[in-house]
Amino acid sequence: DLENYMKEEDEQLAFEAQRCGSEEEGTKVMARDEQDVPCILTNVRFDMFEEPTDPDPDLNAFVELVCKREYRRFMRRLLDKKHRLSPSKLCKYFYRAVSKFLARPETLRKYPQIQRIMVKDVTERNRRIACLHIRWHDDVYPLLDIGIDLVPMIALPGWWPHWGNQHPLTRQIECVALPKWKLTKEIEMSVMEIGVHRWGPLFSMMPYEMKEGYRLAKVVRDKGVCPIIEDWQPASYFMDSYYMKQIIIKEYAKSLQHTALAITDNPIAEVGEDVTENVEIGNITSSLFWAKKIYEVLEKAFNEGELTTFLFPDYNLLKDAHFRQYKGRACHYARLCRELLTPQSVQHFKKAYMGIVEVD
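Attention in this report is confined to the structure presented alongside it. Since the structure is predicted, the reported quantities are computational estimates derived from the model, not experimental observations. (Residues numbered from 1 in each chain as written. Predicted model: local features only at pLDDT ≥ 70, side-chain atom pairs only at ≥ 80, totals over all residues. Heavy atoms only, no water.)

1. A closer look at a positive patch on the surface
Residues Lys81, Lys89, Lys92 and Arg96 make up a contiguous surface patch of positive charge. Looking at the element boundaries, Lys89 is found in helix H4 (residues 87–102). On the basis of relative accessible area, Lys89 is assigned to the partly exposed category, the value being 31%. (Patch = residues over 30% accessible without salt bridge, like charges linked within 9 Å, V, L, I, M, F, W, Y side chains within 5 Å. Areas by Shrake-Rupley, 256 points an atom, 1.4 Å probe, with all protein chains shown as cover. Salt bridge = Lys/Arg side-chain N within 4 Å of Asp/Glu carboxyl O. Lys, Arg positive; Asp, Glu negative; His and termini not counted. Charge placed at Lys NZ, Arg CZ, Asp CG, Glu CD. Helix = DSSP H or I, 4+ residues; strand = E, 2+ residues; numbered from the N terminus. Buried < 20%, exposed > 50% of the residue type's maximum accessible area, 1.4 Å probe, protein only.)

Shown next as structure tokens:
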């Protein structure tokens, strides 16, 4: 409904919604209280902009998108004075149209399960873009609060930054450019973040126990430890599952380099083709091993204040002020989670939160 509305209301920001996130990756655990909805803009295309130039070393996960002269009239309300795509203007007009759609009486009439909708101002100093908070009520999920990350993105088909990771696995994923409001507001630049909105192809190729280790790590983060602290925040506030995702993907990429699979002579299969039978990781076949591995890497990264991504090995996810504020707590929490992972506790976590019952 929102897609159709946007095409009529604001043709410039028409989009196609795609599935992504843990549901698409097959890594969802517990209640479906989060939904990622990448909105790929169909009338604001990558070919309307000049080829991105090499960024500043501290911003190698970001690019400036300078509009070509022939498209500047069409794009002018979304550009800054230097003809660069402005993340703040993109957010302003996109979410204004979303708010108008949600305010229509017919929207709530069509979806009586929606009890309440809150639209968050994404221009605040928040770490995330999650513009919609919905309270949903049905027979399965009574009064479930759902956060929806509804993010406008520009597809970058066939383009990969030459300063990014050149691992063969990158052939299976495609880049997008998306607004990163907090960063751009702080440094007062019109830059778009380069990201990957669909990691599903890599998770579909990943050995089962590696993927289950990632799921198990997420469960332990949310259900394993509950520190009694006066100003307590959920662990996800300072230990994003994106950190864990980057760690397990990098471990998977590393495992391919240490196997008999000759990547350079034997290219990675096309998306959807099962290649896990070609991947041997020695005797490391336990989801417990991979969950503990994630927390070992996390604890080391938190102590050192550096955690890089698979896309950009030189880009540090932990360099912002938010992490520095919670560094001590993050280090302790990662260590507690790692120590909590035992063969006995894993049986409980799998049965209670992952729907897995293992028989000895």
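2. Considering the side chain of Asn165
Tracing the sequence through the fold places Asn165 in the loop between strand E6 (144–155) and strand E7 (176–179). Taking relative accessible area as the criterion, Asn165 reaches 17% and is therefore assigned buried. A distance of 2.9 Å separates the side chain of Asn165 from the backbone oxygen of Phe310, its partner in a polar contact. Not counting the four nearest positions on each side in its chain, Asn165 is found in contact with Trp160, Thr170, Phe310, Leu311 and Pro313. (Polar contact = N/O pair within 3.5 Å; in protein donor to acceptor, adjacent residues only side chain to side chain. Contact = heavy atoms within 4.5 Å.)

3. Section: the environment of Cys175
Relative to the assigned elements, Cys175 resides in the loop between E6 and E7. Separated by 22 residues in the primary sequence, Cys175 and His197 place their C-alpha atoms 7.5 Å from one another. Discounting residues that sit within four places of it in the chain, Cys175 has contacts with Ala155, Leu156, Trp159, Trp160, Pro161, Ile194 and Gly195.

4. What to know about the packing of aromatic side chains
Going through the model one piece at a time under the given rule, you end up with 10 aromatic pairs. When the centroid spacing of 5.9 Å and the interplanar angle of 70° are considered together, the rings of Phe62 and Tyr315 count as edge-to-face. Taken together, the residues Phe62 in strand E3 (residues 62–63) and Tyr315 in the loop between helix H10 (287–304) and helix H11 (321–340) connect sequence positions 253 residues apart. For the pair Phe62 and Tyr315, a shared accessibility class is recorded, and that class is buried. Judged by centre distance (6.5 Å) and plane angle (65°), the ring pair of Trp199 and Phe310 falls under edge-to-face. Note that Trp199 is positioned in the loop between strand E8 (192–195) and helix H7 (200–205) and Phe310 in the loop between H10 and H11, a separation of 111 residues in sequence. The same class applies to Trp199 as to Phe310, namely buried. By the ring-pair criterion, three or more aromatic residues cluster together here, those being Phe15, Phe94 and Tyr95. (Phe/Tyr/Trp six-rings, centres within 6.5 Å; stacked < 30°, edge-to-face > 60°.)

5. Re unusual backbone geometry
Phi is mostly negative for residues that are not glycine, and the peptide bonds are mostly trans. Phi at His83 is positive, roughly 65°, even though this residue is not glycine. By the secondary structure assignment, His83 is in the loop between helix H3 (72–75) and H4.

6. Observations regarding the pairing of E7
On E7, burial covers both faces: Val176 and Leu178 on one face and Ala177 and Pro179 on the other are all buried. Of the strand pairs in this sheet, E6 and E7 are connected by 2 bridges, and their pairing is antiparallel. What sits directly across from Ala155, in E7, is Val176. (Pairing = 2+ DSSP bridges.)

7. Here we look at the layout of surface pockets
Remark: the empty space left among the atoms is shown by a probe the size of a water molecule rolled over them. By volume, the second largest pocket is sized at about 800 Å³. Lining the second largest pocket we find 29 residues, and of these Gln35, Val37, Ile134, Trp136 and Ile148 sit closest to its centre. When contributions to the lining of the second largest pocket are tallied by element, the ones reaching two or more residues are helix H1 (2–9), strand E1 (15–17), strand E2 (34–41), H4, strand E4 (114–119), strand E5 (132–136) and E6. Counted by class, the lining of the second largest pocket contains 18 nonpolar, 3 polar and 8 charged residues. (1 Å grid on protein atoms, 1.4 Å probe; cavity = no way out; pocket = protein on both sides within 12 Å on 5 of 7 lines; lining within 4 Å. Points joined across faces, edges and corners; volume = space filled by probe spheres on them. Nonpolar A, V, L, I, M, F, W, Y, C, P; charged D, E, K, R; others polar.)

8. Some details on the packing of helix H9 (residues 241–257) against H10
Two numbers describe a pair of packed helices, the interaxial angle and the distance between the axes. The N-to-C vectors of H9 and H10 enclose an angle of 115°; their axes lie 10 Å apart at closest approach. Taken together, H9 and H10 sit at an angle that is classed as roughly perpendicular. Relative to H10, H9 is oriented so that their crossing is right-handed. For the pair H9 and H10, the contacting residues are Tyr243, Met244, Ile247, Ile248 and Glu251 in the first and Trp290, Lys293, Ile294, Tyr295, Val297, Leu298 and Phe302 in the second. A breakdown of the residues in the contact of H9 with H10 according to their chemical character gives 10 nonpolar, no polar and 2 charged. (Axes fitted to C-alpha atoms, helices over the stretch in contact; angles between N-to-C directions. Parallel < 35°, antiparallel > 145°, perpendicular 65-115°, else oblique. Left-handed = near helix turned anticlockwise from the far one by under 90°.)

9. Observations concerning helix H8 (residues 208–223)
An ideal rise of 1.5 Å per residue puts 22 Å on 16 residues; H8 measures up with 22 Å between its terminal C-alpha atoms. Within H8, 12 of the 16 residues are buried, which leaves the element mostly enclosed by the surrounding structure. Residues of H8 that are buried: Met210, Lys211, Glu212, Gly213, Tyr214, Arg215, Leu216, Ala217, Lys218, Val219, Val220 and Arg221. (Expected span 1.5 Å × (residues − 1).)

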